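Residue-level listing of the chains:
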Amino acid sequence: MTGNNPETGGQGKSLSSEEWFHRLSTDPKGLTSTEAAQRRQRYGPNALDEKRENPWVKFLGFFWGPIPWMIEAAAVLSAIVGHWVDLVIILVMLVFNAVVGFWQEHQAANAVEALKKQLALKARVRRDGQWTEADAVDLVPGDIVRLRLGDIIPADVVLVEGEYLSVDQSALTGESLPVDKRTGDEAYSSAIARQGEMVALVTATGAGTYFGRTARLVSTARPVSHFQKAVLTIGDYLIYLSLGLAAALLLTMLVRGEPILTLFQFALILVVAAIPVAMPAVLSVTMAIGAVVLARKKAILTRLDSIEEMAGMDILCSDKTGTLTQNRLTLGEPALFGAKDAGELILAGALASKAEDRDAIDLAVLDGLEDPAALQGYQQTRFVPFDPVRKRTEAEVREAHGHGFKVSKGAPQVILELCEPPEELAHRVEARVNEFAGKGYRTLGVARQETGKGWEFLGLLPLFDPPREDSAETIAEAGKHGIQVKMVTGDNLAIARQTAGELGLGTNIHTAGEFFGDATADEVIKPRTAAAVETAEGFAQVFPEHKFQIVEALQSRGHIVGMTGDGVNDAPALKQANTGIAVSGATDAARAAAALVLTAPGLSVIVQAVETARTIFERMNSYAIYRITETIRIMFFVVAAMMVFKFYPITTVMIILLALLNDLPILTIAYDNTWLDPKPVRWDMRRILTISTVLGLIGVVETFGILVIAKDWFHLSAEQIQSFIYLKLAVAGHLTLFVARTRKSFLSRPYPAPILLAAVVGTQLLAALIVGFGWLVAPIPWRYVAFVWIYCLVWVFIEDRAKLQVYRHLELGGRHHRRFLGRLQESLHSH
């Protein structure tokens, strides 16, 4: 149904507003809720039709690809040589891998879909004669919407009321500069309102919009993330290792005259069991489940892979207003200059405000009126909203008896410049502004202009925004997590220092102009400037383009930077930051550019999000270590044992059982309790591969030890030795997971999550029953089952001790490396 929109026939430009209203059977008061519901039935939702893949086709796709082909080839070889039990078990493994892969992808997709719903665009729409907020997906042709600074235009519209709207439609038309639109002009869905405010009539929705008609022609490519690179690095390492060892095994055993088909079947299954087929899915599900947890904490991820950047963030550049402060502005005692009393000054400020925009400053000024009914004697005939460039609002007002005038409110220096005051007045105003700033007050200048005359400066309205009660504590908590918080504010230096002092941020606050002057965002930042930015504790009088430069300077010093923002002009800085954070109440454009969108105010939400991200990261890290360890342990042992002892230490069926029983507990690792690293964390391939290799090689020695015991002490038959080795690999594998999941002793807190513990114990009992009762394998006496358990428990303490020594060695080496780099940097800067 979507897309049966009223045809414009390319003649939208030639239609007047009245003709548009007539064509769409609506009027400036908008539609009723009943009419909107009827039109939604007719036109469909305001969204592009998503091509949804048939779940059966998706499921069958898991039987197609390099890994499934290898399993299928092994199944065919089993059938050819008549190993029917092997064939059945191999087919079970094939289906199991497909079911697990499909289920994990389904889980991740559901989590992402839930997050997307929470990030759905909103629109201000007039329904039943009242302005209200609605989901953009519910808009229909004929709706009346209000567009303002920072909005992503939710549908194709024609502008019907207001002064102007500066629209960035570069993503749609390729125009590099914003385009000014006025009454009667069309604006397209997905363009961004950069300046101004207008009322518009929706003319087309969904697939019927300009964006909808061209979207299918456009595809975008995103760079490979650090997370994807890490997964590829680990995957490649294991694949090359497995294939190399399998090739060596094949060549050696063929020379010894082993049956070629049986050998190929065994080698194929060995490689399949060693390669981490499920790793991308396990890590994606771990991130998706973590993202759902974050959403419950009022922090919504827009990209799953941004978890890694959040976990590694070491500097957070935080907005002051609304994040460090309560964003609950209250009006102080006004300073009068041209106004005869406080009532006249506040009234002028209120007339330069617009209540329906729900702007915090406007609402504070309107709340300052002693009698709100005083506004009823005036009519706003024109209103120009605040934007970050002009830094003021302006309104044309008409009194009930017809007298007209203009009022404006905004940054004191901007309003003063408008009034062109004598030097003495400018000095007096500046002194009062500084006096207010010293007490932590922001100030608004207010001016009035009578027809045919110049602007008159009426006075200053002080506004106080108290710090949030939890801000100082949260900043201290962030410091414990290795995150330095730097305040970034558009307020003047005195206010910034006052607030920073109250919050314990330090007073080494500088104006952004001291570092960047009039430099553009394209200009290369000098090393000395970057070093000065790094040592600053906060920045005042910051413009949006400065935010981008602050991020770039800190990144050039090797930091992973988080940056908060809420406005349309913050979007470039949010994109440039490693973790762009759109704060509560941010514009659509800021939300679209950010990696994290907050739905609750305050810094504590960000700190909680970082803690959660580090927990998720630790889960992924421990899984990666475990998986590499298991591949090294199994591949090296099996290949070496076959070369040295000239027999199969485990059978094809046992390898498949190992793969199945090892994968079941791994599905629960996304819910595990993990140690919270007090410092920022990053993928460290050297550490992961070193720990994995050490644990893997210890496992090889451990398994050879039990092979010798079974062969020379217990004098078991070849089939019983295989069962003995199978049980040892199954038990030791999961015990290694407990070793890999923490950097401390495996007996220390946090203990494994109950669901992980239950999965491990369950699969271990099953492995013991398989060898005890001889299901699909040769049975061994229960005393030998107990011996294997005791043997593995002794070795797990040896592994754990070795792990702690390796971590200690790596940490010591890392400290020496950091000291060396620090001295090198100091040397370079001194020159």
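Draft legend 1. Here's a closer look at the overall build of the chain. Within the chain, the secondary structure is distributed over 28 helices and 22 strands. Counting every position in the chain, which comprises 831 residues, the buried fraction comes to 53%. Sequence separation of 24 or more characterises 73% of the internal contacts of the chain that already satisfy a separation of 6 or more. For the chain, the exposed surface amounts to about 36700 Å²; the carbon and sulfur share of it is 58%.

Draft legend 2. Representation of empty space enclosed by the protein. In the structure shown here, the tally under the stated rule is one cavity of 30 Å³ or more. Estimates place the volume of the largest cavity at around 50 Å³. Taken together, Lys-320, Thr-325, Gly-440, Arg-442, Phe-464, Asp-465, Pro-467, Thr-499 and Glu-502 make up the full set of residues lining the largest cavity. Residues of the lining of the largest cavity, tallied by class, amount to two nonpolar, three polar and four charged.

Draft legend 3. A look at the confidence of the model for the chain. Per-residue confidence for the chain gives a mean pLDDT of 85, with 89% of residues at or over 70. Mean pLDDT in the chain bottoms out at helix α7 (residues 210-215), which sits at 61, and peaks at strand β14 (residues 404-410), which reaches 96.

Draft legend 4. Layout of the pairing of strand β4 (residues 156-168). The element β4 is largely enclosed, with a buried count of ten among its 13 residues. Pairing of β4 with strand β7 (residues 192-204) involves ten bridges; the strand directions are antiparallel. Each residue of the ladder has a partner; that of Val-157, found in β7, is Val-202. The pairing of β4 with strand β6 (residues 186-187) spans two bridges and is classified as antiparallel. Within the sheet, the bridge partner assigned to Val-158 lies in β6 and is Glu-186.

Draft legend 5. Representation of unusual backbone geometry within the structure. In this structure, Pro-750 follows Arg-749 across a cis peptide bond, with omega equal to 0 degrees. Looking at the element boundaries, Pro-750 is found in the loop between α26 (718-740) and α27 (754-773). For His-715, which is not glycine, the phi dihedral falls at a positive 50 degrees. Tracing the sequence through the fold places His-715 in the loop between α25 (685-713) and α26.

Draft legend 6. Molecular detail of the pattern of salt bridges. Going through the model one piece at a time under the given rule, you end up with 33 salt bridges. Two residues, Glu-197 and Arg-146, come together in a salt bridge whose shortest N-O distance is 3.0 Å. Of this pair, Glu-197 sits in strand β7 while Arg-146 sits in strand β3 (residues 144-148), placing them 51 residues apart in sequence. Across the salt bridge formed by Glu-702 and Lys-728, the nearest N and O atoms sit 3.3 Å from each other. With Glu-702 in helix α25 and Lys-728 in helix α26, the pair connects residues that are 26 residues apart, well separated along the chain. Across the pair, exposure class does not vary: Glu-702 and Lys-728 are buried alike. Overlapping salt bridges, with partners in common, bring together Glu-163, Arg-382, Arg-390, Arg-392, Glu-394, Glu-396 and Lys-406 in one network.

Draft legend 7. Expanded view of α25. Between its terminal C-alpha atoms α25 stretches 41 Å, which fits the 42 Å expected from 29 residues at 1.5 Å a residue. Two residues or fewer after α25 comes His-715, characterised by a positive phi angle close to 50 degrees.

Draft legend 8. Structural context of the pairing of strand β15 (residues 441-450). Where β14 lies against β15, six bridges are found, and the strand directions are antiparallel. Considered in β15, the bridge of Lys-406 is made with Gln-449. Between β15 and strand β16 (residues 455-464), which pair antiparallel and follow one another directly, the connecting turn spans four residues, one of which, Gly-452, has a positive phi of 80 degrees.

Draft legend 9. Looking closely at the side chain of Asn-578. The topology assignment puts Asn-578 in the loop between α21 (571-576) and β21 (579-582). Of the polar contacts made by the side chain of Asn-578, one reaches the backbone nitrogen of Val-561; its length is 2.8 Å. Those residues within four positions of Asn-578 in sequence are excluded, and the remaining contacts are Glu-309, Gln-555, His-559, Ile-560 and Val-561.

Draft legend 10. Representation of the sheet that holds strand β9 (residues 315-319). The strand order across the open sheet formed by eight strands is β8-β22-β21-β20-β9-β17-β19-β18, and the pairing between neighbours is mixed. Because the sheet does not close on itself, it has two edges, and the strands there are β8 (299-301) and β18 (509-511). On average, each strand axis in the sheet is tilted by 20 degrees relative to the strand beside it, whichever way the strands run. In terms of strand pairing, strand β20 (residues 561-565) meets β21 through four bridges, oriented parallel. Considered in β21, the bridge of Met-563 is made with Gly-580. Running over the sheet, helix α17 (residues 493-503) touches β17 (484-488), β18 and β19 (538-540) and is turned about 160 degrees from β18.

Draft legend 11. How the structure looks around the nonpolar core. By size, the foremost hydrophobic cluster in this structure holds 154 residues, and its most contacted members are Ile-650 and Tyr-726. Sequence-distant contacts of Tyr-726, that is, excluding residues within four places in its chain, are made with Ile-650, Met-654, Leu-657, Leu-658, Leu-661, Ala-767, Ile-770 and Val-771. In terms of nonpolar packing, the next biggest core, distinct from the first, is built from 28 residues, Val-533, Val-542, Ala-553 and Ala-586 among them.

Draft legend 12. Local environment of the packing of aromatic side chains. Under the defined criterion, the tally for this structure stands at 22 aromatic pairs. Considering the side-chain rings of Phe-515 and Phe-516, the 6.2 Å spacing of their centres and the 65 degrees angle between planes classify their relative orientation as edge-to-face. Side by side, Phe-515 and Phe-516 carry an identical accessibility label, which is buried. Ring centres of Phe-637 and Phe-704 lie 5.2 Å apart, and the angle between their planes is 75 degrees; this geometry places the pair in the edge-to-face category. Of the two residues, Phe-637 is situated in helix α23 (residues 604-645) and Phe-704 in helix α25; the sequence distance between them amounts to 67 residues. Members of the aromatic cluster, connected to one another through ring pairs, are Phe-714, Phe-724, Tyr-784, Phe-787, Tyr-791 and Trp-795. The side chain of Lys-391 reaches across the aromatic face of Phe-543, ending 4.7 Å from its centre.

Draft legend 13. Molecular detail of the packing of helix α9 (residues 260-274) against α23. Relative orientation of the contacting elements α9 and α23 amounts to 160 degrees, with a least axis distance of 9 Å. When the axis of α9 is compared with that of α23, the two are roughly antiparallel. Along this stretch, α9 crosses α23, giving a crossing that reads as left-handed. Contacts between α9 and α23 pair Leu-263, Phe-266, Leu-270, Ala-273 and Ala-274 from the former with Arg-627, Thr-631, Ile-634, Met-635, Val-638 and Met-642 from the latter.

Calculation criteria
- Residues numbered from 1 in each chain as written.
- Predicted model: local features only at pLDDT ≥ 70, side-chain atom pairs only at ≥ 80, totals over all residues.
- Heavy atoms only, no water.
- Helix = DSSP H or I, 4+ residues; strand = E, 2+ residues; numbered from the N terminus.
- Buried < 20%, exposed > 50% of the residue type's maximum accessible area, 1.4 Å probe, protein only.
- Contact = heavy atoms within 4.5 Å.
- Areas by Shrake-Rupley, 256 points an atom, 1.4 Å probe, with all protein chains shown as cover.
- 1 Å grid on protein atoms, 1.4 Å probe; cavity = no way out; pocket = protein on both sides within 12 Å on 5 of 7 lines; lining within 4 Å.
- Points joined across faces, edges and corners; volume = space filled by probe spheres on them.
- Nonpolar A, V, L, I, M, F, W, Y, C, P; charged D, E, K, R; others polar.
- pLDDT = per-residue confidence, 0-100.
- Pairing = 2+ DSSP bridges.
- Salt bridge = Lys/Arg side-chain N within 4 Å of Asp/Glu carboxyl O.
- Expected span 1.5 Å × (residues − 1).
- Polar contact = N/O pair within 3.5 Å; in protein donor to acceptor, adjacent residues only side chain to side chain.
- Axes fitted to C-alpha atoms, helices over the stretch in contact; angles between N-to-C directions.
- Core = buried A, V, L, I, M, F, W, Y, C linked by side-chain atoms within 4.5 Å.
- Phe/Tyr/Trp six-rings, centres within 6.5 Å; stacked < 30°, edge-to-face > 60°.
- Lys NZ or Arg CZ within 6 Å of the ring centre and 35° of its normal.
- Parallel < 35°, antiparallel > 145°, perpendicular 65-115°, else oblique.
- Left-handed = near helix turned anticlockwise from the far one by under 90°.

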